[in-house]
2 protein chains.
Amino acid sequence: MTGAEKRRTARISQILDAAALCFVEMGFHRAGMAKIAARAKMSPGHIYHYFESKEAIIAAIVDRESAKAAERFAELDAVDSNELASVMTERAIQSIEEKTDILQSALNMEMLAECQRNPEIACIIQRHDKYIRDQLTHLIGNKIGLDLAEARTDMMMVQFSGLANRLLRNPDMDLSSMIALMRQTMQSILTPDTIGDHV
Amino acid sequence: MTGAEKRRTARISQILDAAALCFVEMGFHRAGMAKIAARAKMSPGHIYHYFESKEAIIAAIVDRESAKAAERFAELDAVDSNELASVMTERAIQSIEEKTDILQSALNMEMLAECQRNPEIACIIQRHDKYIRDQLTHLIGNKIGLDLAEARTDMMMVQFSGLANRLLRNPDMDLSSMIALMRQTMQSILTPDTIGDHV
DNA sequence: TTGATTTTAGAATGAACGTTCTATTTGTTG
DNA sequence: CAACAAATAGAACGTTCATTCTAAAATCAA
């Protein structure tokens with residue numbers, strides 16, 4: 001990578017990092033380019049050498065955040081088949097405990113709200129969602145070897161997003177009982193004969 | 001109710017209805033007062049005779065939409081105890097099938113995004129969430145008479161919000177299999193001995 | 001009907017915002 | 001080092017937006 005290319009990717013990271021912070025704090029449409037630029041330590045005008053518009057920055061953020069989530073699922077492919085079910089369960093619990101994921105949740109809601117009126121954003125989100133779903137279905141069906149892998153995947157994904165949603169609506173909720181609930185539900189989803197054959 | 005009072009409440013409804021439509025289509029912060037006023041068939045300035053600011057309109061919308069959701073749960077109090085479990089299940093499925101709830105989802109996401117930076121909105125949402133949760137816990141614990149009512153309530157609420165979330169992320173999803181999944185999960189939640197005693 | 005009060009319209013205001021433009025600095029290359 | 005290209009700053013522009021202000025229309029009371 002040449003010096004120019006290095007600088008370019010560094011600047012783009014600066015912009016995306018700054019934008020992500022601003023978006024979490026103020027939302028996509030109240031975060032101004034001036035604020036983003038100040039945080040990225042460059043002039044507003046300079047941002048336009050790397051991004052065509054503010055919309056392009058939003059799209060890039062959505063893509064990056066979705067890709068992050070997808071990557072974490074992809075890591076599970078390397079886990080041993082016998083341990084996979086318990087590793088997935090622990091990962092799920094871990095994501096509840098980590099405070100950092102609340103920031104992620106903030107962006108998630110912003111993204112979901114946005115994808116209902118911005119087709120480009122909707123497309124990005126759907127692409128990553130499909131990737132995660134395919135990945136999980138493969139893990140559950142082929143590696144763990146359970147039947148009805150798609151139904152189990154959907155249950156799991158409902159569980160994940162539902163939990164994030166509830167933590168936003170009720171931030172004072174008792175985390176430990178939520179974790180117990182999540183552990184049990186995950187085990188139930190990843191156990192044979194739990195799901196009826198009428199699905 | 002005097003003529004003046006009638007007119008007043010009519011105008012307020014006009015404004016809230018118009019605002020709700022605008023907010024669904026463009027989001028809280030891109031929907032301009034001019035658009036809302038045009039849709040409510042009055043001048044922008046006139047809106048300020050009924051609402052102190054745009055923020056106040058947002059708060060009123062959040063309150064109204066949350067109250068609508070809470071009301072639908074309150075209706076279940078009148079249902080016969082023996083039928084309650086199946087009525088709740090059918091209600092859940094119905095809410096998946098109704099296309100109108102997608103509009104509701106749009107507003108929900110907007111509201112959840114907003115409540116992360118607007119404490120007043122957060123307060124409104126938390127109040128209604130607590131009301132719904134208490135209501136459900138009462139129904140499950142006292143009317144149906146199941147143990148571990150709080151845990152079952154939380155599972156149910158996770159399920160609900162999770163499903164709405166997933167339908168946004170993957171609008172082409174097969175509804176009938178989702179409904180089958182929901183029916184089974186609801187039955188599982190509302191059946192004794194489903195939940196382990198370590199919760 | 002007349003006077004008073006409320007309701008309504010619509011233009012005016014001032015701030016904020018996304019974007020563009022011009023100029024300056026920095027870095028690279030022959 | 002000189003000359004050119006890329007990077008960067010920051011002011012300027014045009015627009016949009018929430019809000020305010022002024023005045024007209026409508027309603028009501030007596």
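- Going by what an unreviewed UniProt entry lists, chain A is known as TetR family transcriptional regulator and is assigned to Henriciella algicola.

## Observations regarding the protein's contact with DNA strand C
Thinking step 1. Close to DNA strand C lie 17 residues, the nearest being Met33, Tyr48 and Lys54 of chain A together with His46 and His49 of chain B.
Thinking step 2. Within 4 Å of the protein, the contacting atoms of DNA strand C are drawn from sugar and phosphate to the extent of 59%.
Thinking step 3. Contacts to DNA strand C include Ser43 of chain B, whose backbone N or O atom sits 2.8 Å from a phosphate oxygen.
Thinking step 4. Those elements that place two or more of their residues in the surface near DNA strand C are helix H1 (3–26) and helix H3 (44–47) of chain B.

## Here we look at the pattern of salt bridges
Working definition: two side chains of opposite charge can pair if their charged atoms are close together.
All names here are of chain B.
Thinking step 1. Tallied over the full model, the rule gives 27 salt bridges over all chains.
Thinking step 2. The shortest N-O distance in the salt bridge between Asp17 and Arg64 comes to 2.9 Å. In this pair, Asp17 sits in helix H1 while Arg64 sits in helix H4 (residues 54–74), placing the two residues 47 residues apart along the sequence.
Thinking step 3. Across the pair Arg91 and Glu75 runs a salt bridge, and its minimum N-O distance is 2.8 Å. Taken together, the residues Arg91 in helix H5 (residues 81–97) and Glu75 in the loop between H4 and H5 connect sequence positions 16 residues apart.

## A short note on helix H9 (residues 175–189) of chain A
Thinking step 1. With 15 residues, H9 of chain A should reach 21 Å at 1.5 Å per residue; the first-to-last C-alpha distance of 21 Å fits that figure.
Thinking step 2. In the core, the buried residues of H9 of chain A are packed alongside helix H5 (81–97) and helix H8 (149–169) of chain A together with helix H8 (149–169) of chain B.

## Here we look at the UniProt feature "domain: HTH tetR-type" (unreviewed entry) in chain A
Thinking step 1. Those places that UniProt annotates as "domain: HTH tetR-type" (unreviewed entry) correspond, in this numbering, to residues 9–69 of chain A.
Thinking step 2. Across residues 9–69 of chain A, the secondary structure splits into 74% helix and 0% strand, with the terminal C-alpha atoms separated by 21 Å.

## Considering the interface of chain A and chain B
Size of an interface: often given as the accessible area lost when the parts come together.
Thinking step 1. Of the residues lining the interface, 51 residues belong to chain A; the matching set on chain B comes to 51 residues.
Thinking step 2. Summed over both sides, the interface between chain A and chain B buries roughly 4,200 Å², with carbon and sulfur atoms accounting for 55% of that surface.
Thinking step 3. When residues of chain A are sorted by the area they lose upon contact with chain B, Arg117, Arg166 and Arg169 of chain A head the list and together hold 17% of the total.
Thinking step 4. Where chain A touches chain B, the interface holds 7 salt bridges.
Thinking step 5. Taking the shortest distance from any N to any O, the salt bridge between Asp129 of chain A and Arg166 of chain B comes out at 2.9 Å.
Thinking step 6. There are 14 residue pairs in polar contact (both at pLDDT 80 or more) connecting chain A and chain B.
Thinking step 7. Looking at the side of chain A that touches chain B, the elements that each hand over two or more residues are helix H1 (3–26), helix H6 (100–114), helix H7 (119–143), H8 and H9 of chain A.

## Looking at the packing of aromatic side chains
Thinking step 1. This model, assessed by the stated rule, comprises 4 aromatic pairs over all chains.
Thinking step 2. Taking 4.8 Å as the distance between ring centres and 90 degrees as the angle between the ring planes, the aromatic pair formed by Phe23 of chain A and Phe28 of chain A counts as edge-to-face.

## Section: the protein's contact with DNA strand D
Thinking step 1. With respect to spatial proximity, 17 residues lie near DNA strand D, and among them His46 and His49 of chain A together with Met33, Tyr48 and Lys54 of chain B are the closest.
Thinking step 2. Counted by atom, the contact set of DNA strand D within 4 Å of the protein is 64% sugar and phosphate.
Thinking step 3. Take Arg11 of chain A: an N or O atom from its side chain is 2.9 Å from a phosphate oxygen of DNA strand D.
Thinking step 4. A distance of 2.5 Å is found between a phosphate oxygen of DNA strand D and a backbone nitrogen or oxygen belonging to Met33 of chain B.
Thinking step 5. For the surface near DNA strand D, the secondary-structure elements that each account for two or more residues are H1 and helix H3 (44–47) of chain A.

## Considerations on the relation of the copies chain A and chain B
Thinking step 1. Taken as rigid bodies, chain A and chain B are interconverted by a rotation of 180 degrees and an axial shift of 0.0 Å, the fit giving an RMSD of 0.1 Å. Within this description, the copies of the chain are treated as partners about a two-fold rotation axis. In terms of C-alpha distance to the rotation axis, chain A has Gly162 of chain A as its closest residue, with the C-alpha 1.7 Å off the axis.
Thinking step 2. In this assembly the copies share their binding face: 100% of the residues contributing to the interface of chain A also contribute to that of chain B.

## Things to note about the packing of H8 of chain A against H9 of chain A
Residues and elements named next belong to chain A.
Thinking step 1. Contact geometry for H8 and H9: axes closest at 10 Å, N-to-C directions at 170 degrees. Relative to H9, the element H8 lies roughly antiparallel. For the pair formed by H8 and H9, the contact residues are Arg152, Met155, Met156, Gln159, Phe160, Leu163 and Leu167 on the first element and Leu175, Met178, Met182, Thr185, Met186, Ser188 and Ile189 on the second.
Thinking step 2. In terms of residue class, the contact of H8 with H9 is built from 10 nonpolar, 3 polar and 1 charged.

Cut-offs applied
Residues numbered from 1 in each chain as written. Chains lettered and ligands numbered in written order. Predicted model: local features only at pLDDT ≥ 70, side-chain atom pairs only at ≥ 80, totals over all residues. Heavy atoms only, no water. Near = heavy atom within 4 Å. Polar contact = N/O pair within 3.5 Å; in protein donor to acceptor, adjacent residues only side chain to side chain. Helix = DSSP H or I, 4+ residues; strand = E, 2+ residues; numbered from the N terminus. Salt bridge = Lys/Arg side-chain N within 4 Å of Asp/Glu carboxyl O. Expected span 1.5 Å × (residues − 1). Contact = heavy atoms within 4.5 Å. UniProt positions renumbered as here; feature names shortened; annotations may be inferred. Buried area = accessible area lost by both parts, 1.4 Å probe. Phe/Tyr/Trp six-rings, centres within 6.5 Å; stacked < 30°, edge-to-face > 60°. Least-squares fit on C-alpha atoms with pLDDT ≥ 70 in both. Axes fitted to C-alpha atoms, helices over the stretch in contact; angles between N-to-C directions. Parallel < 35°, antiparallel > 145°, perpendicular 65-115°, else oblique. Nonpolar A, V, L, I, M, F, W, Y, C, P; charged D, E, K, R; others polar.

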